[in-house]
Amino acid sequence: MAFRRALKRTALVGGGAVATAFGLSQLIEYRKTQARLAHVAAEAELKVPFVDELPSRQAQLAALTNTEEFDVLVVGGGATGAGCALDAVTRNLKTALVERSDFSSGTSSRSTKLIHGGVRYLQKAIMKLDYEQYMMVKEALHERANLLEIAPHLSAPLPIMLPVYKWWQLPYYWAGIKMYDLVAGIQCLKSSYVLSKTKALELFPMLKKDKLVGAIVYYDGQHNDARMNLAIALSAARYGAAIANYTEVIHLLKKKDPQSGREKVCGARCRDVITGQEFDVRAKCVINATGPFTDALRKMDNQEASNICQPSAGVHIVIPGYYSPDNMGLLDPATSDGRVIFFLPWENMTIAGTTDTPTSVTAHPIPGEDDINFILTEVRNYLSPDVEVRRGDVLAAWSGIRPLVTDPSSKDTQSICRNHIVSISDSGLVTIAGDFIGWTLHGGPIPFGGCSAGVYMSHTYVLYRVNRLKGVAQHLASTYGGRAFDVAKMAQVTGQRWPIVGKRLVLKRRVLMGLLVLFPWLLHKA
């Protein structure tokens, strides 16, 4: 009865305030969006040069070498760089992209695997009356809906439980989560709801029972970050962009502008890391989308350039799958030092993270023991005392470097807004920490078409429901989409009673996890 009375009071007090504050703004925004869509007209037909088969890496390098001048050269093949390339090429711009390592080999493959607007950022936006951060959350929720639509084989909605251990927190968290739903507007995945203590423990049996009041469940998106990045890059190539991995920029090319008399960036001297061959790639616009290495490329342009990127390390650990339900995550909104920790199901395992600590930039960041132990401690705080959380349960760990944009004098990375920044140097080098190519090209020397929002990812769809498949078939469908059949055809008859066709690349998942644990250590020793 006490629970129901508290819930009713919460609904009356919090619901009215939240609905009044955001309902009108969402209605206005919805009508503005519909008005804009009603007046959109295609400026040019979007062509797909490579429908059936993508050009080889050698053909891509030949295109980079032999093309007289591109409209756009993107440096960096992470999520931001690949997104810029896809955006540019679908605006009918002649586009090139180079990446010194492999696509998504850095930060873009070391995330929490979530597509979310950021509950924490919305809280800070409201508490500090920060309109810019509020708009960042709103934009991120819009992109969440877009990714779930254009890449259904790589992304899906995920319910996340927020346990509540104090009565006063129930209306507080409920109002905040409902506000998150309202900011998403018509793109809300599913309305959040409140659970009683009994129901919460039924869904999450390993949860700590002592003093548990109830729980709130809300929905965010989960995706395969590395495959998503690769799908974006492949889609850009399919629309005609010349892209090449293992191709590094040695230095920027410049020429004197006849009007201003200043030197302007007009391309880059590149090197094929595999063969050592060097060549020039010329472009009207060069975009620096190198993530944590943003300042390194900016200093190629101007040695006196000040740093605009303050890197922050985010560590995640992989623990056995029994630490979380198969289809629900958990959010710890207030850890011992004010961070946020997620426990999420992933590939039949559980991901726990992340940390948020200042770090130095390195190509192969290694998770520190202190960060791993911090996450384990927070896991223990939310699980039943009957569950023994051991250091040996950590099957793998990784560290990703976030390229946070900040004033160089700032020291607290947790207070930094995760929004993008676009800056153009005196020589014309465009630096993007985030993604906003429309802003980059407006007012520039390049004529371009409208943004092709909603372009579906390369080989995005399969003809059957992934959630009805099991084992290898489900893995192929959820990883390769429409190409799952082509990959399956590569398997050969074994000549044995079982398996009849094909052999697993990894016999046991734990062996794979062990190798993932050893990999950073081996790199460190090397």
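Please refer to the structure higher up on the page.
The structure presented is a predicted model; accordingly, all values stated were derived computationally and were not measured.

Colleague: Requested: an account of the overall build of the protein, with residues and values cited.
Modeller: Secondary structure assignment for the protein yields 14 helices and 18 strands. Per-residue burial for the protein yields a buried fraction of 47% across its 526 residues. Sequence separation of 24 or more characterises 71% of the internal contacts of the protein that already satisfy a separation of 6 or more.

Colleague: Report on unusual backbone geometry, specifying residues and quantitative values.
Modeller: Here the bond from G353 into T354 is cis, since omega is 20°, no more than 30 degrees from zero. The residue T354 is located in the loop between β14 (349–353) and β15 (357–358) in this model. Although it is not a glycine, N92 sits at a positive phi angle of roughly 65°. Topologically, N92 is positioned in the loop between α3 (79–89) and β2 (95–98).

Colleague: Account for the pairing of strand β4 (residues 155–164), with residues named and values stated.
Modeller: Across the ten residues of β4, eight count as buried, placing the element largely inside the fold. With ten bridges connecting them, β4 and strand β6 (residues 214–223) associate as antiparallel partners. For L162, the partnering residue across the bridge sits in β6 and is I216. Two strands pair when backbone bridges link them, and β4 and strand β12 (residues 329–332) are joined in this way by two bridges, in the parallel orientation. Bridge pairing in β12 places M161 opposite L330.

Colleague: Provide a residue-level description of helix α12 (residues 471–480), including the pertinent values.
Modeller: The set of residues buried in α12 consists of L476, A477 and T479. Tucked inside the fold, the buried residues of α12 contact α8 (225–238) and α13 (484–489). At the C-terminal side of α12, G481 shows a positive phi close to 60°.

Colleague: How would you summarise the pattern of salt bridges if you had to cite specific residues and measurements?
Modeller: As enumerated under the stated definition, the model contains 15 salt bridges in all. Here K254 and D301 are joined by a salt bridge, their closest N and O atoms 2.9 Å apart. Of this pair, K254 sits in strand β8 (residues 247–256) while D301 sits in helix α9 (residues 294–301), placing them 47 residues apart in sequence. Through salt bridges with shared partners, a single network forms among E248, R269, R271, E278 and D280.

Colleague: Describe the environment of T95, and please don't skip the residues or the numbers.
Modeller: Relative to the elements of secondary structure, T95 occurs in strand β2. Given a relative accessible area of 1%, T95 falls into the buried group. For T95 and F70, which are 25 residues apart along the polypeptide, the C-alpha to C-alpha distance reads 5.9 Å. Here the side chain of T95 touches V89 through a polar contact of 3.4 Å, landing on its backbone nitrogen. Side-chain polar atoms of T95 contact the backbone oxygen of L93, separated by 2.9 Å.

Colleague: Lay out the environment of V194 in plain terms, naming residues and giving numbers.
Modeller: By the element assignment, V194 lies in strand β5 (residues 193–196). Considered as a pair, V194 and W174 are 20 residues apart in the sequence and their alpha carbons are 7.7 Å apart.

Colleague: So what's going on with the packing of aromatic side chains? Residues and values would help.
Modeller: This model, assessed by the stated rule, comprises six aromatic pairs. Relative to Y382, the ring of Y165 has its centre 5.8 Å away and its plane inclined at 80°; by these criteria the two rings are edge-to-face. Taken together, the residues span a long stretch of sequence, with Y165 in the loop between β4 and α6 (169–184) and Y382 in helix α10 (residues 369–382) at a distance of 217 residues. Given a relative accessible area of 13%, Y382 falls into the buried group. Relative to Y172, the ring of W168 has its centre 6.2 Å away and its plane inclined at 50°; by these criteria the two rings are tilted. We classify W168 as exposed; its relative accessible area is 56%. Looking at Y172, the relative accessible area reads 35%, which means it is partly exposed. An aromatic cluster is built from W168, Y172 and Y173, whose rings are joined through pairwise contacts. Seen from the ring of F293, R100 lies directly overhead, with NZ or CZ sitting 4.4 Å from the centre. Seen from the ring of Y165, K208 lies directly overhead, with NZ or CZ sitting 5.4 Å from the centre.

Colleague: Any chance you could break down the packing of α3 against α8 for me, citing the residues and the numbers?
Modeller: At a minimum axis separation of 8 Å, α3 and α8 run at an interaxial angle of 30°. Comparing the axis directions of α3 and α8 gives the class roughly parallel. For α3 against α8, the interelement crossing comes out left-handed. Here A79, A82, G83, A85, L86 and V89 of α3 lie close against α8, whose contacting residues are N229, I232, A233, S235 and A236. Among the residues forming the contact of α3 with α8, the class breakdown is eight nonpolar, three polar and no charged.

Colleague: An account of the side chain of S108 is requested, with residue identities and associated values reported.
Modeller: Along the chain, the position of S108 falls in the loop between β2 and β3 (114–115). In terms of polar contacts, S108 uses its side chain to reach the backbone amide nitrogen of A79, at 2.9 Å. Ignoring anything within four residues of it in the chain, the contact list for S108 reads G78, A79, D225, A226 and N229.

Colleague: Explain a nonpolar patch on the surface residue by residue, including any values.
Modeller: Together, V493, W498, I500 and V501 make up an exposed nonpolar region whose accessible area comes to about 490 Å². By secondary structure assignment, the location of W498 is in the loop between α13 and α14 (509–525). Its relative accessible area of 71% is what places W498 among the exposed residues.

Colleague: Report on α3, specifying residues and quantitative values.
Modeller: Side chains of residues three or four places apart in an α-helix project in the same direction, reflecting 3.6 residues per turn. Within α3, eight of the eleven residues are buried, which leaves it mostly tucked inside the rest of the structure. By the burial criterion, the buried members of α3 are G81, A82, C84, A85, L86, D87, A88 and V89.

Colleague: So what's going on with the pairing of strand β11 (residues 309–320)? Residues and values would help.
Modeller: Taken across its twelve residues, β11 has twelve buried, putting it largely inside the fold. Two strands pair when backbone bridges link them, and β11 and strand β16 (residues 396–405) are joined in this way by ten bridges, in the antiparallel orientation. Pairing of V318 across the sheet is with A396, part of β16. Here β11 runs beside β15; their pairing, made up of two bridges, is antiparallel. Bridge pairing in β15 places A313 opposite T357. With five bridges connecting them, β11 and β14 associate as antiparallel partners.

The rules we used
- Residues numbered from 1 in each chain as written.
- Predicted model: local features only at pLDDT ≥ 70, side-chain atom pairs only at ≥ 80, totals over all residues.
- Heavy atoms only, no water.
- Helix = DSSP H or I, 4+ residues; strand = E, 2+ residues; numbered from the N terminus.
- Buried < 20%, exposed > 50% of the residue type's maximum accessible area, 1.4 Å probe, protein only.
- Contact = heavy atoms within 4.5 Å.
- Pairing = 2+ DSSP bridges.
- Salt bridge = Lys/Arg side-chain N within 4 Å of Asp/Glu carboxyl O.
- Polar contact = N/O pair within 3.5 Å; in protein donor to acceptor, adjacent residues only side chain to side chain.
- Phe/Tyr/Trp six-rings, centres within 6.5 Å; stacked < 30°, edge-to-face > 60°.
- Lys NZ or Arg CZ within 6 Å of the ring centre and 35° of its normal.
- Axes fitted to C-alpha atoms, helices over the stretch in contact; angles between N-to-C directions.
- Parallel < 35°, antiparallel > 145°, perpendicular 65-115°, else oblique.
- Left-handed = near helix turned anticlockwise from the far one by under 90°.
- Nonpolar A, V, L, I, M, F, W, Y, C, P; charged D, E, K, R; others polar.
- Patch = residues over 30% accessible without salt bridge, like charges linked within 9 Å, V, L, I, M, F, W, Y side chains within 5 Å.
- Areas by Shrake-Rupley, 256 points an atom, 1.4 Å probe, with all protein chains shown as cover.

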